[in-house]
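# Report on the structure
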Amino acid sequence: AVTAAVDEMSPILPIFLLIASLSTADATCEPAALYDPTYAADAAGKGGVQVSRWLHLRTSAFHEPVSYTAAWNALEASIDSHNASHVRVIYGGTAPKCRTGAYYGLECAWNREHLWPQSYGVGKSSGLTAAAPPRTDLHALVPSLQALNSARSNRAFAQITDWPNDDARCGPKYPGCETPACTKTTCGVKGTAQWGTDPGFWTPPARYRGFIARALFYMAVRYDGDEPNTHNLTLGETPAKGESGSGGKAPYVFGALSHLLRWHDDHPVEAWERARNDAACAVQGNRNPFTDKPELAAVVFGGGGSAASAAS
């Protein structure tokens with residue numbers, strides 16, 4: 001969900017040129033069929049909240065959530081498959097397959113990492129069931145080495161390291177950070193870092209920063225708490241947990257948004273991320289629009305760009 005404060009930005013008249021536009025055509029995983037001019041007339045002059053609402057409708061219309069077990073298998077078989085024997089893990093490197101085909105039953109070194117933490121409105125620890133759609137959503141569920149998944153815990157994402165000056169040194173606002181982030185048995189690759197608790201902050205390696213930003217953008221427009229077994233997810237600077245017993249309407253806030261917007265700009269969509277978007281859609285029926293149309297982030301969440309400049 002996107003808060004009303006976003007609409008304080010000036011009306012975005014040429015947004016139809018930017019979106020170009022997301023059609024309500026038949027369900028498909030072909031981006032070319034999803035983006036056409038049919039939304040132009042409705043979109044002209046609309047701001048971030050209206051566009052976010054329309055994206056919510058598009059990302060939810062054809063979403064068919066899978067089970068948690070099916071999600072685990074799909075990550076290994078196709079979505080994050082590195083090669084015939086290994087999966088790509090989010091904080092760097094690969095891990096042996098253990099869930100599918102000839103590898104079924106082997107001991108797993110990796111598990112499922114929720115980029116938007118379960119305790120912040122996505123899983124059982126925030127009052128949802130094991131089959132809750134955001135808990136199994138493949139656009140924000142990724143393989144991770146088990147030790148690093150535990151080390152990250154529910155830390156928010158932020159730029160802890162002194163990038164771009166030195167990605168192996170703590171930034172001035174995060175003295176005493178640990179970089180690379182380590183456990184007793186495993187260390188993340190260069191660029192990973194952790195600082196503080198409750199929830200504290202976590203930096204992934206550079207390769208995954210843009211992807212993680214776009215995954216969280218997706219979650220914020222996909223889930224507004226209106227559907228059963230979901231909560232209202234919102235991006236901001238300071239993480240906050242929604243009120244219990246609120247019927248899913250009080251927002252769960254995660255971030256940090258300004259850092260995510262910078263990562264989104266500094267780390268453009270790569271070929272592997274587009275392929276992952278295709279593979280996730282093939283399993284659960286919807287796409288991440290911020291991977292297909294990165295310019296939408298400036299429209300919905302603000303940031304350094306504008307709809308006019310992004311469309312030119």
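Below, the structure is looked at part by part. These numbers come from a predicted model, not from an experiment. (Residues numbered from 1 in each chain as written. Predicted model: local features only at pLDDT ≥ 70, side-chain atom pairs only at ≥ 80, totals over all residues. Heavy atoms only, no water.)

### Some remarks on the packing of helix α5 (residues 68-79) against helix α9 (residues 271-284)
Selection criterion: All axes are obtained by fitting lines to C-alpha atoms, using only the stretch in contact for helices, and the reported angles, taken between N-to-C directions, cover 0 to 180 degrees. By the criteria applied, helices consist of DSSP H or I runs no shorter than four residues and strands consist of E runs no shorter than two, each listed in order from the N terminus. Roughly parallel means an angle under 35 degrees; roughly antiparallel, over 145; roughly perpendicular, 65 to 115; everything else is oblique. The handedness criterion is simple: a crossing whose near helix is rotated anticlockwise from the far helix by less than a right angle is left-handed, and one whose near helix is rotated clockwise is right-handed. Two residues form a contact once any of their heavy atoms are found within 4.5 Å. Gly is put with the polar residues, along with every residue not named as nonpolar or charged; the nonpolar set is Ala, Val, Leu, Ile, Met, Phe, Trp, Tyr, Cys and Pro, and the charged set is Asp, Glu, Lys and Arg.
At a closest axis distance of 10 Å, the pairing of α5 and α9 adopts a crossing angle of 135 degrees. As far as their axial angle goes, α9 and α5 are oblique. Every pair of crossing elements has a handedness; the one defined by α5 and α9 is right-handed. Counted together, Ala74, Leu75, Ser78 and Ile79 of α5 and Arg276, Ala279, Ala280 and Val283 of α9 form the full contact between these two elements. Looking at the contact of α5 with α9 residue by residue, the class counts come to six nonpolar, one polar and one charged.

### As for the layout of surface pockets
Applied cut-off: Lining residues are those with an atom within 4 Å of a point, where the points come from a 1 Å grid over the protein atoms alone and group into cavities, where a 1.4 Å probe fits but cannot get out, or pockets, open sets with protein on both sides within 12 Å along at least five of seven lines. Grid points are joined across faces, edges and corners, and a volume is the space filled by probe spheres set on the points.
There is about 180 Å³ of room inside the largest pocket. Lining the largest pocket we find Gln159, Ile160, Thr161, Asp162, Trp163, Gly171, Pro172, Lys173, Tyr174, His259, Arg262 and Trp263. Taken together, the elements giving at least two residues each to the lining of the largest pocket come down to β6 (161-162) and α8 (257-266). Here the lining of the largest pocket gets three residues from one element, more than from any other, and that element is α8.

### Things to note about the nonpolar core
Heads up, the rule is: Buried Ala, Val, Leu, Ile, Met, Phe, Trp, Tyr and Cys residues that are joined via side-chain atoms within 4.5 Å together make up what is termed a nonpolar core. Between buried and exposed lies partly exposed: a residue is buried under 20% and exposed over 50% of the maximum accessible area for its type, with that area taken using a 1.4 Å probe on protein chains only.
Formed by 68 residues in total, the largest nonpolar core has its most connected members in Leu115, Trp116, Phe157, Phe217 and Phe301. For this core, the leading source of residues is helix α7 (residues 206-222), giving eleven residues. If near-sequence neighbours (up to four positions away) are discounted, Phe217 is found in contact with Leu235, Leu257, Leu260, Leu261, His264, Phe290, Ala297 and Phe301.

### Remarks on the side chain of Lys97
Spelled out, the test is: Under this rule, positive means Lys or Arg and negative means Asp or Glu; His and the chain ends count for nothing. In the sections that follow, a salt bridge refers to a side-chain nitrogen of Lys or Arg positioned within 4 Å of a carboxyl oxygen of Asp or Glu. Side-chain atoms alone can form a polar contact between residues adjacent in sequence; in general such a contact is a pair of N or O atoms within 3.5 Å, and within protein one must be able to donate a hydrogen while the other accepts it.
Residue placement: Lys97 occurs in the loop between β2 (94-96) and β3 (110-114). Among buried charged residues, Lys97 stands out as having no salt bridge; its nearest opposite-charge side chain is Glu76, 5.9 Å away. Reaching out from Lys97, the side chain makes a polar contact with the backbone oxygen of Asn83 at a distance of 3.0 Å. Here Lys97 is in contact with Glu76, Ser81, Asn83, Ala84, Ser85, His86, Val87, Tyr103, Leu106 and Trp110, once residues within four sequence places are set aside.

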